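# Observations on chain architecture
Residue-level listing of the chains:
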Amino acid sequence: MKFAKRLEWCDSSDVGDILKALSDPEILSLAGGLPAPELFPVEEVKTATALVLDREGDKALQYSSAQGDPRLREMVARRMTDKYGTPAKAEEVLITNGSQQALDMAGKVFLEEGSVVLCESPTYLGALGAFRTYGAEFVEVETDSDGMIIEDLERKLKEIDDVRLVYVNPDFQNPTGIDWSVERRKAFAEVVGRYGVAAIEDNPYGELRFEGPCPPSIKSFDRDGVVISLGSFSKIFSPGMRVAWMIAAPEILSKFGDMKQNAILCSSTLHQAQIVAYNEMFDLDAHVERICKVYKKRMSVLIDSVREFFPKEAVVVPPAGGLFAWVELPEGVNARDVFKVAVEEHKVAFVPGGAFFAEPGHENYMRLNFSNVPEDRLKEGIRRLGAVLSQSM
Ligand SMILES: Cc1ncc(COP(=O)(O)O)c(C=O)c1O
């Protein structure tokens, strides 16, 4: 049997160990990126589903348009305009099956073998996988605690031929938790606009902000129509429904719409209608506030525990939102080795940070998840990891 060439880069061993660890019920896992299931609005979804089926009957179970339920597109446009100052209209919104599908489609729409994608250092592992499938070569742009360093971005845009995409995750980035400053967002939009290169602003975590309002999106500063804004219901409602959205200029949106039609025809009619009905009957913003309260508390427990149990050379910055904390270990400590001992001898898992870099090296980092673990288990997990680190450092 002959498989496609595009699979050749694919090495599942990297995440394979992690997935294996996650499937062992004895392992205390700080590795995943899952929302807290006890916060899913199960009863409310039951009520909303009854309304959908009473009101829409068989239509709720039928195929629907590739662009998405017009009521959901309207709802997304309104929320994005109000929350992020992204002045979107319903016709500028395309519903996708998770943001992950939008990343896959971006590969189809923009990339050829050898096309360059500029990304943060580190970046979201799932974007690396999605774009590599379409032949992407990644170049990391220097990044600090305010986001991408704009001078380095501009230098790379100037020097490198065939940059097709710039991919960023500016609100509580996965994996670092970094939240870009407003100045960087603005400068980034200006630079990618001037170079006429497509940029993806991937934002599944922005609403999980522990204090204060959301800052303006990069898209809100996009005067040239090059920024593609991605958002998702996965972390604020339900990842299992696989409902997300993108907002982009009409010529970009229509290409993604064609790709979506070819790939899956349409998103789940029922799940889109459930979200619309939930939003009519209940208060989504109040639900998000409840999630933020729980995650903020878990984040504090995690950070306090790291400070109590990790060797003092380990550096962690408390994130202001999202699901993850990022720990920098002294150079020379290899987090993949730490992972093996942690899983095998102490039954605790995390994600070794090297997996999130497009370029090799960078093995002295750990990504810790706090959303999916109750407070007492978080403390216990960090205590165990502290013991492993004290042994290995
Ligand atoms: C940065 C980032 N983008 C996209 C996704 C995919 O999310 P979705 O569930 O909407 O496909 C994730 C999932 O964890 C993520 O962390």
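Residues numbered from 1 in each chain as written. Predicted model: local features only at pLDDT ≥ 70, side-chain atom pairs only at ≥ 80, totals over all residues. Heavy atoms only, no water.

The protein appears in an unreviewed UniProt entry as Transcriptional regulator, GntR family from Dethiosulfovibrio peptidovorans DSM 11002. Under the Cofactor (unreviewed entry) heading, UniProt states for the protein: "pyridoxal 5'-phosphate". The UniProt entry for the protein carries the following comment under Sequence similarities (unreviewed entry): "Belongs to the class-I pyridoxal-phosphate-dependent aminotransferase family." (UniProt positions renumbered as here; feature names shortened; annotations may be inferred.)

### Concerning the site of the ligand
Near the ligand there are 14 residues, and of these S99, D202, Y205, S232 and S234 occur at the shortest range. At a separation of 2.9 Å, an oxygen atom of the ligand approaches a polar side-chain atom of N174. Between the ligand and D202 there is a distance of 2.5 Å, counted from a nitrogen atom to a side-chain nitrogen or oxygen. Relative to its unbound accessible surface of 390 Å², the ligand loses 92% to contact with the protein. Among the elements that make up the shell around the ligand, the one with the highest residue count is helix 4 (residues 98-110) (three residues). Here the residues of the shell around the ligand are counted per class, giving four nonpolar, seven polar and three charged. (Near = heavy atom within 4 Å. Polar contact = N/O pair within 3.5 Å; in protein donor to acceptor, adjacent residues only side chain to side chain. Areas by Shrake-Rupley, 256 points an atom, 1.4 Å probe, with all protein chains shown as cover. Helix = DSSP H or I, 4+ residues; strand = E, 2+ residues; numbered from the N terminus. Nonpolar A, V, L, I, M, F, W, Y, C, P; charged D, E, K, R; others polar.)

### A word on the domain arrangement of the protein
What the domain assignment reports for the protein is domain 1 (5-40 + 286-392) and domain 2 (63-281). Here domain 1 and domain 2 have C-alpha centroids that lie 25 Å from each other. The interface is formed by 29 residues belonging to domain 1 together with 30 residues belonging to domain 2. Interface area for domain 1 against domain 2, summed over the two sides, is near 2700 Å², with a carbon-plus-sulfur share of 67%. Put simply, domain 1 and domain 2 have one salt bridge between them. (Domains from an automatic or database assignment. Contact = heavy atoms within 4.5 Å. Buried area = accessible area lost by both parts, 1.4 Å probe. Salt bridge = Lys/Arg side-chain N within 4 Å of Asp/Glu carboxyl O.)

### Description of the UniProt feature "domain: Aminotransferase class I/classII large" (unreviewed entry) in the protein
Those places that UniProt annotates as "domain: Aminotransferase class I/classII large" (unreviewed entry) correspond, in this numbering, to residues 41-385. Counted over residues 41-385, helix gives 44% and strand 15%. Its end C-alpha atoms are 32 Å apart.

### Here we look at the pattern of salt bridges
Throughout the structure, instances matching the rule amount to 31 salt bridges. For D285, the salt bridge goes to R79, with nearest N and O atoms at 2.7 Å. Taken as a pair, D285 in helix 10 (residues 284-309) and R79 in helix 3 (residues 70-84) lie far apart in primary sequence, 206 residues in all. Exposure remark for D285: the relative accessible area of 36% places this residue in the partly exposed category. (Buried < 20%, exposed > 50% of the residue type's maximum accessible area, 1.4 Å probe, protein only.)

### Description of the pairing of strand 9 (residues 227-232)
Burial analysis of strand 9 places six of its six residues in the buried class, which makes it a mostly covered element. With burial as the criterion, each face of strand 9 is covered, one bearing V227, S229 and G231 and the other bearing I228, L230 and S232. Where strand 8 (residues 198-202) lies against strand 9, four bridges are found, and the strand directions are parallel. Each residue of the ladder has a partner; that of E201, found in strand 9, is S229. Examined bridge by bridge, strand 9 and strand 10 (residues 244-247) share four bridges and lie antiparallel to one another. Of the residues in strand 10, the one forming a bridge with G231 is W245. (Pairing = 2+ DSSP bridges.)

### Side note on the sheet that holds strand 10
In spatial order, the strands read 2-10-9-8-7-3-4; together these seven strands make up an open sheet with mixed pairing. Each edge of the open sheet carries a strand with a single partner, namely strand 2 (93-96) and strand 4 (137-140). Between one strand and the next, the sheet's axes are offset by a mean angle of 25 degrees, whatever the strand orientation. Pairing geometry for strand 3 (residues 116-119) and strand 7 (residues 163-168), over four bridges, is parallel. Within strand 7, the residue paired with L118 across the bridge is V166. Of the strands in this sheet, strand 2, strand 9 and strand 10 are in contact with helix 3, which crosses strand 2 at around 115 degrees. (Axes fitted to C-alpha atoms, helices over the stretch in contact; angles between N-to-C directions.)

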